[in-house]
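Listed here are the chains, written in short residue letters.
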Amino acid sequence: MSTPRPQRTRFAFTDVDHTLLRISTLHHFAEFFFDATGRIPELERNRARMQRLAESGATRETLNIEYYRLWAGIAVAEVETAAGGWHELIRAHQHYRAPVVARLRALAADGVRTVLVSGSFAACLRPIASEMGGAVPAPLLCTELEERDGRYTGAVRRSLIGAAKRTAVETFVAGYPGHDLAGDYGFGDHVSDVAILERVGHPAVVPVDPALEHLARRRGWEVLTDPAA
C-alpha cells in the first residue's frame, strides 16, 4: 500500500492597505499615534513635505521611503505598544474589509496560509498578522525600517512597493523547495499589485482602482466587491 503524498503548503498573499483593510495603515496609524503622544505638529509638517514631493512627481517607491523619515528618533517599543490600542480601534470601527476577510478565512479552513504583503511597517502590521493568522501570526512581507539603540532612524532598509513585492514573494516561496505559485492566491486593490497578482494562480482584486478592475475583468480574475465601502 503506497503512502499518501503530503500536501504542499499553499499561500494567500494579500495586500493590506485598501485591500484587507478599508484604510491606509500608514496614515491612519500615524494619525492615531501622533495625536495620542502630542506630536501632531510633526505629523502636519511631514504631511506638507509629502504633498510637495507628490506634486513634484515623486514615484510611489520614493514616497514610501520618504514617509518613514516621520518616525526618526521614536522608540520602537513605544510604537509597538500603541499599535495594540490602534488595532482595537480599527476592529471596533469595522475597518476590516469583510469580503476579503471571509475569503481568507475560507481559504485558511482549506489549509491555505495567509501572508501579508505591504509597504507598511511591522509595528502596525503585527496585530493584523495575529488577527489573520489564527494560532500562529500570518507571515509579514513588509517595508523594513532601520533601528538603532531601540529607536527608528528614519531610514528604510527595504521598501516594499510595486515590483519589490513580487521579489519578496518569490524569495519567500524559495524557502519551500518545489513550491509552485500557480496553486497560490493573491489579493490587491491597486495596479501596482499586478506584479504579484499575475504570478499566482488565483488572483483576486478589490475594485478600488479602475485601472486594476478593468484589467481584472479583462483577464477573468476574481473581483471582490465590498457593499459596505
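To start, this report covers the structure provided alongside it. (Residues numbered from 1 in each chain as written. Predicted model: local features only at pLDDT ≥ 70, side-chain atom pairs only at ≥ 80, totals over all residues. Heavy atoms only, no water.)

**Quick look at the layout of surface pockets**
Item 1. If you add up the space inside the largest pocket, you get close to 620 Å³.
Item 2. Asp-17, Ser-24, Leu-26, His-27 and Arg-60 are the residues nearest the centre of the largest pocket, which is lined by 27 residues in total.
Item 3. Mapped by element, the contributors of at least two residues to the lining of the largest pocket are helix 1 (16–20), helix 2 (25–36), helix 3 (40–55), helix 4 (60–67) and strand 2 (112–121).
Item 4. A total of 6 residues in the lining of the largest pocket trace back to one element, the largest contributor, which is helix 3.
Item 5. Along the lines of polarity and charge, the residues of the lining of the largest pocket split into 8 nonpolar, 11 polar and 8 charged. (1 Å grid on protein atoms, 1.4 Å probe; cavity = no way out; pocket = protein on both sides within 12 Å on 5 of 7 lines; lining within 4 Å. Points joined across faces, edges and corners; volume = space filled by probe spheres on them. Helix = DSSP H or I, 4+ residues; strand = E, 2+ residues; numbered from the N terminus. Nonpolar A, V, L, I, M, F, W, Y, C, P; charged D, E, K, R; others polar.)

**Some points on the pattern of salt bridges**
Item 1. If you walk through the whole model with that rule in mind, you get 23 salt bridges.
Item 2. Among the salt bridges present, the one from Asp-226 reaches Arg-22, with a minimum N-O distance of 2.7 Å. Linking Asp-226 in the segment after strand 7 (222–223) with Arg-22 in the loop between helix 1 and helix 2, this pair joins segments that are 204 residues apart in sequence.
Item 3. Judged by its relative accessible area of 22%, Arg-22 falls in the partly exposed class.
Item 4. Glu-146 is paired through a salt bridge with Arg-148; the nearest N and O atoms lie 3.5 Å apart. (Salt bridge = Lys/Arg side-chain N within 4 Å of Asp/Glu carboxyl O. Buried < 20%, exposed > 50% of the residue type's maximum accessible area, 1.4 Å probe, protein only.)

**What about the packing of aromatic side chains?**
Item 1. Taken as a whole, this structure holds 16 aromatic pairs when the rule is applied.
Item 2. On the basis of an interplanar angle of 45° and a centroid distance of 5.8 Å, the ring pair of Phe-11 and Phe-13 is categorised as tilted.
Item 3. What makes Phe-11 buried here is its relative accessible area of 0%.
Item 4. Here the aromatic rings of Phe-29 and Phe-33 are separated by 6.1 Å at their centres, their planes lie at 40°, and the arrangement is tilted. Within this pair, Phe-29 and its partner Phe-33 are both found in helix 2, separated by 4 residues, close to a single helical turn.
Item 5. The class of Phe-33 is buried, set by a relative accessible area of 1%. (Phe/Tyr/Trp six-rings, centres within 6.5 Å; stacked < 30°, edge-to-face > 60°.)

**Let's talk about helix 3**
Item 1. For helix 3, with 16 residues, the first-to-last C-alpha span of 23 Å sits near the 22 Å given by 1.5 Å per residue.
Item 2. Of the residues making up helix 3, those classed as buried are Leu-43, Asn-46, Arg-49 and Met-50. One face of helix 3 carries all of its buried residues, which in axial projection span an arc of 125°. When the buried face of helix 3 is taken as reference, the exposed residues oriented beyond 90 degrees from it are Arg-45, Arg-52 and Glu-55.
Item 3. The inward-facing, buried residues of helix 3 abut helix 2 and helix 4.
Item 4. Backbone geometry just downstream of helix 3 places Gly-57 in the positive-phi region, at approximately 95°. (Expected span 1.5 Å × (residues − 1). Arc of directions from axis to C-beta. Contact = heavy atoms within 4.5 Å.)

**Structural notes on unusual backbone geometry**
Item 1. One non-glycine residue, His-18, adopts positive backbone phi at about 70°.
Item 2. Assignment of secondary structure puts His-18 in helix 1.
Item 3. On the basis of relative accessible area, His-18 is assigned to the partly exposed category, the value being 31%.
Item 4. If you check the backbone angles, Gln-94 has positive phi at about 55° while not being a glycine.

**Observations concerning the packing of helix 5 (residues 76–92) against helix 7 (residues 122–133)**
Item 1. Relative to each other, helix 5 and helix 7 sit at 50°, their axes nearing to 8 Å. Judged on the interaxial angle alone, helix 7 and helix 5 are oblique. For helix 5 against helix 7, the interelement crossing comes out right-handed. Two secondary-structure elements touch here, helix 5 through Val-79, Glu-80, Ala-83, Gly-84, Trp-86, His-87 and Arg-91 and helix 7 through Ala-123, Cys-124, Arg-126, Pro-127, Ile-128 and Glu-131. (Axes fitted to C-alpha atoms, helices over the stretch in contact; angles between N-to-C directions. Parallel < 35°, antiparallel > 145°, perpendicular 65-115°, else oblique. Left-handed = near helix turned anticlockwise from the far one by under 90°.)

**A look at the nonpolar core**
Item 1. Membership of the largest hydrophobic core comes to 47 residues, with the highest contact counts inside it found for Leu-20, Phe-29, Trp-71, Val-79, Phe-121, Ile-128 and Phe-187.
Item 2. For this core, the leading source of residues is helix 7, giving 7 residues.
Item 3. Setting aside residues no more than four positions away along its own chain, Phe-121 makes contact with Leu-26, Phe-29, Tyr-68, Trp-71, Val-79, Cys-142, Thr-143, Leu-145 and Tyr-152.
Item 4. Of all hydrophobic cores here, the second largest spans 13 residues; its members include Phe-11, Val-117, Leu-160 and Val-169. (Core = buried A, V, L, I, M, F, W, Y, C linked by side-chain atoms within 4.5 Å.)

**Re the sheet that holds strand 4 (residues 151–158)**
Item 1. Spatial ordering of the open sheet is given by 4-3-2-1-5-6-7, a layout of 7 strands whose pairing is mixed. The open sheet is flanked by strand 4 and strand 7, the only strands paired with a single partner.
Item 2. The pairing of strand 5 (residues 185–188) with strand 6 (residues 202–205) spans 4 bridges and is parallel. Its bridge partner being in strand 6, Gly-186 is matched across the sheet by Pro-203. (Pairing = 2+ DSSP bridges.)

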